[in-house]
Amino acid sequence: QVQLVESGGGLVQAGGSLRLSCVASGSIFKINGMGWYRQAPGKQRDLVATITSDGTTNYADSVKGRFTISRDNAKNTVYLQMSSLRPEDTAVYYCNAGLFVAGSFTYRELWGQGTLVTVSS
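Given the structure is predicted, the values throughout are model-derived calculations rather than measurements.

1. Concerning the environment of Tyr93
Relative to the elements of secondary structure, Tyr93 occurs in strand β9 (residues 91-101). Taking the C-alpha atoms as reference points, Tyr93 and Val119, separated by 26 residues in sequence, lie 13 Å from one another. The residues touching Tyr93, leaving out its near neighbours within four places in the chain, are Glu6, Leu20, Trp36, Tyr37, Arg38, Val48, Phe67, Leu80, Met82, Gly114, Thr115 and Val117. In terms of polar contacts, Tyr93 uses its side chain to reach the side chain of Arg38, at 2.9 Å. Here the side chain of Tyr93 touches Asp89 through a polar contact of 2.6 Å, landing on its backbone oxygen.

2. As for the side chain of Ser21
Relative to the helices and strands, Ser21 is located in strand β3 (residues 18-25). Among all residues touching Ser21, those that are not within four sequence positions of it are Val5, Glu6, Ser7, Trp36, Val78 and Tyr79.

3. Here we look at the state of the cysteines
Within the structure shown, the criterion is met by one disulfide. Two residues, Cys22 and Cys95, share a disulfide whose sulfurs are 2.1 Å apart. Judged by the sign of its S-S torsion, about -80 degrees, the bond between Cys22 and Cys95 is left-handed. Note that Cys22 is positioned in strand β3 and Cys95 in strand β9, a separation of 73 residues in sequence.

What counts and what doesn't
- Residues numbered from 1 in each chain as written.
- Predicted model: local features only at pLDDT ≥ 70, side-chain atom pairs only at ≥ 80, totals over all residues.
- Heavy atoms only, no water.
- Helix = DSSP H or I, 4+ residues; strand = E, 2+ residues; numbered from the N terminus.
- Contact = heavy atoms within 4.5 Å.
- Polar contact = N/O pair within 3.5 Å; in protein donor to acceptor, adjacent residues only side chain to side chain.
- Disulfide = S-S within 2.5 Å.

In structure tokens:
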């Protein structure tokens, strides 16, 4: 069984930093794109940042210049370094990945369970 597990959320003051991690585990043949999304209370889930298998990145305008997405393909891990955090960044952050399962080569899109980031003013 393949799954994504996030870590690194927590409470931070405005202006502070946090780093989120997401590990893909299980029988994985190849991971294509990976990304982070977030959902604030009462709002829809929105894209934060994505990264392709060759390292091409894309960011939401609201986080450009403050957040950095990266990945370690050898560890099947994607990171989100968040700096200059604002109260409006408060949300549950979800990891997303598209991957091929080893053996069956079935393509699956997975979501993690989410990790809460709270930014106090």
